[in-house]
Amino acid sequence: MSLLIRNGRVITAVDDYHADIFVEDETVSLIGRDLEVEADRTIDAAGRLVIPGGVDPHTHMDMPFGGTTSADDFETGTRAAAFGGTTTIVDFAIQTKGHSTLEGLEAWHEKAAGKAGIDYGFHMIVTDMEDDRLWEMRRLADEGVTSYKMFMAYPGVLYVDDGTLFRAMRKAGEDGTLVCMHAENGIVIDEIVKIALAEGKTAPKYHALTRPTRMEAEGVHRSIAIAEVAGVPVYIVHLSCADALEQVTLARDRGAQVFAETCPQYLFLDLSHYDHDDFEGAKYVMTPPLREKWNQEHLWRGLGFGDLQSISTDHCPFCFKDQKVLGIDDFSKIPNGGPGVENRMSLVYNGGVVGGRLSVNKFVELTSTAASKLFGLFPKKGTIAVGSDADIVVFNPDRRETISIDNPHTHHMRVDYNAYEGTEVQGVSEIVISRGRVVVEDNVWHGRAGGGNFLKRGLFGGPF
Ligand code: URP
Ligand code: ZN
Ligand code: ZN
């Protein structure tokens, strides 16, 4: 099967030119002007950007959490991702405390195999890591799981202590893998939560008010300090505020190998979303919580200046009616997480490129290339080059859509609300190609459950 994409404006993290792209089977095989080749199918991309498929390095499909399971599984979640122009996700397998991480990996392979419609990898969420288990980390790396996530938050659930962090970080350094940190001081936050509940403060907004930015900044500072002492790089996930960003900037300025992502919810949504007398604010109960709006310009600056390298979604949807309602009488029981995997590319293009904050190249870097490099997928993923996987999006930079659960062009996620309801965006993924196959065209799904491959990722290759 071959595919010719003609007349498009090809954008990568560093290129911007008009050319034709010839794809044979799963791979880009030729790029040039006015290619004289026969193809099984030709797509005319005149007036369109031709960009690498999005890489979202932070999703939670089919994740047991908060007494329930995230609403998108690997089939519905990856299909929705594809509709939005994302062709690779890196999701999180979870180690059950006291059990092998390898068992956790097997369980997540079972969840994803035969279901994922686009390519996917796994990080491993480590919940304990005694000395006699450290050998598993090398095995995970051999299996293509070359990054871990550890939590300073959620005591009694996913939390690990600083000793565990240090042990696992040292081993990651030896193996050449990368530790991702959920950096918030969960121990102090739990005390603040207890006080709030004792005072009868049970509404969703107290989720945000009990998680001060200082406790995120402290977690960022501490995880970086531990990584520095361990002599390893560290990647901060879902960074939400200026206070935490300052810690990343300070560390990078002194030469520490620190990388960080933020997410669309922290760029486009804010604390005012909790200002409801009813339970509506539960839709935005996620961790870290939404912050005061002024933080957003700091995050954009961090992205522009390179202190934040990537924009992931932390897609972890829970239905408002059936799942968020678990916390109707107590905000601390609202399942934490929100949807977004489908809307990331359009939101970032609109807010970044149309909004005059990012170049088109930077847009590609933040939504695809950087994550691909950080997580051992480059250059198969994250760029358009001869030999790369043909994960390509034909992107209409002029088309506008209003994001809504009622707009069939913007919502395929299996969740009963859209966090960006009513947001108008300019820039829409129109044709989405995953390893040479058109999986989305004219807002119709042409992919298949099981069409996505598990990606054995390479070792950490930074700094970049
Ligand atoms: O609220 C969130 N972020 N839920 C998903 C789990 C996590 O901490 O990433
Ligand atoms: Zn987290
Ligand atoms: Zn997450």
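First, a word on scope: everything that follows refers to the structure included in this document. (Residues numbered from 1 in each chain as written. Chains lettered and ligands numbered in written order. Predicted model: local features only at pLDDT ≥ 70, side-chain atom pairs only at ≥ 80, totals over all residues. Heavy atoms only, no water.)

**Here we look at empty space enclosed by the protein**
Turning to step 1, where the next piece is worked out: Applying the stated rule across the entire model yields 2 cavities of 30 Å³ or more.
Turning to step 2, where the next piece is worked out: One number sums up the size of the largest cavity: a volume of about 100 Å³.
Turning to step 3, where the next piece is worked out: Taken together, 16 residues line the largest cavity, and the ones lying closest to its centre are His-60, Phe-65, Tyr-154, Thr-287 and Asp-314.
Turning to step 4, where the next piece is worked out: When the residues that make up the lining of the largest cavity are grouped by side-chain class, the tally is 7 nonpolar, 7 polar and 2 charged.
Turning to step 5, where the next piece is worked out: By volume, the second largest cavity amounts to about 70 Å³.
Turning to step 6, where the next piece is worked out: Around the second largest cavity, the lining residues are Gln-265, Tyr-266, Met-286, Thr-287, Thr-313, Asp-314, Gly-337, Gly-338, Pro-339, Gly-340, Ala-419 and Tyr-420.
Turning to step 7, where the next piece is worked out: Of the residues that constitute the lining of the second largest cavity, the class distribution is 5 nonpolar, 6 polar and 1 charged. (1 Å grid on protein atoms, 1.4 Å probe; cavity = no way out; pocket = protein on both sides within 12 Å on 5 of 7 lines; lining within 4 Å. Points joined across faces, edges and corners; volume = space filled by probe spheres on them. Nonpolar A, V, L, I, M, F, W, Y, C, P; charged D, E, K, R; others polar.)

**With respect to the layout of surface pockets**
Turning to step 1, where the next piece is worked out: Estimates place the volume of the largest pocket at around 380 Å³.
Turning to step 2, where the next piece is worked out: The residue makeup of the lining of the largest pocket, split by class, is 8 nonpolar, 5 polar and 3 charged.
Turning to step 3, where the next piece is worked out: In this structure, the second largest pocket occupies an estimated 270 Å³ of space.
Turning to step 4, where the next piece is worked out: Along the wall of the second largest pocket there are 19 residues; nearest its centre are Phe-83, Arg-399, Val-428, Ser-429 and Glu-430.
Turning to step 5, where the next piece is worked out: Top element by residues in the lining of the second largest pocket is strand β17 (residues 424–434). It accounts for 5 residues.
Turning to step 6, where the next piece is worked out: Class assignment of the residues belonging to the lining of the second largest pocket gives a composition of 6 nonpolar, 7 polar and 6 charged. (Helix = DSSP H or I, 4+ residues; strand = E, 2+ residues; numbered from the N terminus.)

**Regarding the site of ligand 1**
Turning to step 1, where the next piece is worked out: Near ligand 1 you find 14 residues, and of these Lys-149, Tyr-154, Thr-287, Asp-314 and Asn-336 are the closest.
Turning to step 2, where the next piece is worked out: The side chain of Tyr-154 places a nitrogen or oxygen atom 2.8 Å from an oxygen atom of ligand 1.
Turning to step 3, where the next piece is worked out: A total of 260 Å² of accessible area belongs to ligand 1 in isolation, and the protein chains cover 100% of it.
Turning to step 4, where the next piece is worked out: According to the grid-proximity analysis, the pocket containing ligand 1 is the largest cavity.
Turning to step 5, where the next piece is worked out: For the shell around ligand 1, the per-class residue count stands at 5 nonpolar, 7 polar and 2 charged. (Near = heavy atom within 4 Å. Polar contact = N/O pair within 3.5 Å; in protein donor to acceptor, adjacent residues only side chain to side chain. Areas by Shrake-Rupley, 256 points an atom, 1.4 Å probe, with all protein chains shown as cover. Sits in = over half its atoms within 2 Å of the grid points.)

**Remarks on the sheet that holds strand β6 (residues 54–59)**
Turning to step 1, where the next piece is worked out: Strand order in this open sheet of 8 strands is β6-β9-β10-β11-β12-β13-β14-β15, and the pairing throughout is parallel. Every interior strand has two partners, whereas the edge strands, β6 and β15 (310–311), have only one.
Turning to step 2, where the next piece is worked out: In this sheet, strand β13 (residues 234–236) lies alongside strand β12 (residues 178–182) in parallel orientation, the contact comprising 3 bridges. Note on β13: the bridge partner recorded for Met-181 is Ile-236.
Turning to step 3, where the next piece is worked out: Helix-sheet contacts for helix α2 (residues 101–112) involve β9 (86–94) and β10 (119–125), and the interaxial angle to β10 is about 150 degrees.
Turning to step 4, where the next piece is worked out: With respect to the sheet, helix α4 (residues 162–175) is in contact with β11 (147–151), β12 and β13, its orientation differing from that of β12 by roughly 155 degrees. (Pairing = 2+ DSSP bridges. Contact = heavy atoms within 4.5 Å. Axes fitted to C-alpha atoms, helices over the stretch in contact; angles between N-to-C directions.)

**Concerning the coordination of the zinc ion (ligand 3)**
Turning to step 1, where the next piece is worked out: Binding of the zinc ion (ligand 3) to the protein goes through His-58 (NE2), His-60 (NE2) and Asp-314 (OD), at separations of 1.9 to 2.1 Å.
Turning to step 2, where the next piece is worked out: Coordination geometry of the zinc ion (ligand 3): the 4 donor atoms subtend angles of 87 to 135 degrees at the metal centre, consistent with an arrangement described as tetrahedral.
Turning to step 3, where the next piece is worked out: Donor residues binding the zinc ion (ligand 3) come from one chain and are separated in sequence as H-x1-H-x253-D.
Turning to step 4, where the next piece is worked out: Between the zinc ion (ligand 3) and the zinc ion (ligand 2), the interatomic distance is 3.9 Å.
Turning to step 5, where the next piece is worked out: Take His-58: its relative accessible area is 0%, and that puts it in the buried class.
Turning to step 6, where the next piece is worked out: Taking relative accessible area as the criterion, His-60 reaches 4% and is therefore assigned buried. (Donors = N, O, S within 2.8 Å, 3.2 Å for Na, K, Ca; no water. Tetrahedral: all angles 85-135°; square planar, octahedral: opposite > 155°, others 65-115°. Buried < 20%, exposed > 50% of the residue type's maximum accessible area, 1.4 Å probe, protein only.)

**A few points about the side chain of His-411**
Turning to step 1, where the next piece is worked out: In this structure, His-411 sits in the loop between β16 (392–402) and β17.
Turning to step 2, where the next piece is worked out: Polar side-chain contacts of His-411 include one of 3.1 Å to the backbone oxygen of Val-415.
Turning to step 3, where the next piece is worked out: Leave out the neighbours within four places in its chain, and His-411 touches Glu-342, Ser-404, Ile-405, Tyr-417 and Asn-418.

**Quick look at the environment of Asp-62**
Turning to step 1, where the next piece is worked out: Residue position: Asp-62 is located in the loop between β6 and β7 (64–65).
Turning to step 2, where the next piece is worked out: Here Asp-62 falls in the buried class, since its relative accessible area comes to 19%.
Turning to step 3, where the next piece is worked out: With 288 residues separating them along the chain, Asp-62 and Asn-350 place their C-alpha atoms 29 Å apart.
Turning to step 4, where the next piece is worked out: Those residues in contact with Asp-62 that lie beyond four places of it in its chain are Thr-69, Ser-70, Asp-72, Asp-73, Phe-74, Trp-108 and Lys-111.

**Brief notes about the packing of helix α11 (residues 344–354) against helix α12 (residues 360–374)**
Turning to step 1, where the next piece is worked out: It is at 10 Å that the axes of α11 and α12 come closest, and there the two elements cross at 145 degrees. Here α11 and α12 pass one another in a crossing that is right-handed. For the pair α11 and α12, the contacting residues are Arg-344, Met-345, Val-348, Tyr-349 and Val-353 in the first and Val-360, Phe-363, Leu-366 and Thr-367 in the second. (Left-handed = near helix turned anticlockwise from the far one by under 90°.)

**Topic: the packing of aromatic side chains**
Geometry of an aromatic ring pair is reported as the spacing of the ring centres plus the angle between the planes.
Turning to step 1, where the next piece is worked out: Applying the stated criterion across every chain yields a total of 16 aromatic pairs.
Turning to step 2, where the next piece is worked out: A centroid spacing of 6.2 Å and a plane angle of 55 degrees characterise the contact between Phe-74 and Tyr-120, whose relative ring orientation is tilted. You can see Phe-74 sitting in helix α1 (residues 74–83) and its partner Tyr-120 sitting in strand β10, a full 46 residues away along the chain. Across the pair, exposure class does not vary: Phe-74 and Tyr-120 are buried alike.
Turning to step 3, where the next piece is worked out: Within the aromatic cluster, the residues linked to one another by ring pairs are Phe-74, Tyr-120, Phe-122 and Phe-454. (Phe/Tyr/Trp six-rings, centres within 6.5 Å; stacked < 30°, edge-to-face > 60°.)

**Structural notes on the coordination of the zinc ion (ligand 2)**
Turning to step 1, where the next piece is worked out: The protein atoms that coordinate the zinc ion (ligand 2) are Lys-149 (NZ), His-182 (ND1) and His-238 (NE2), at distances of 2.1 to 2.2 Å.
Turning to step 2, where the next piece is worked out: Donor residues for the zinc ion (ligand 2), ordered by position in the chain, follow K-x32-H-x55-H.

**Remarks on the pairing of strand β5 (residues 49–52)**
Turning to step 1, where the next piece is worked out: Here strand β1 (residues 2–11) pairs with β5 via 2 bridges, running parallel. Looking across to β5, one finds that Arg-9 is bridged to Leu-49.
Turning to step 2, where the next piece is worked out: Relative to β16, β5 is paired through 4 bridges, and the arrangement is antiparallel. By the bridge assignment, Leu-49 is partnered in β16 with Phe-395.

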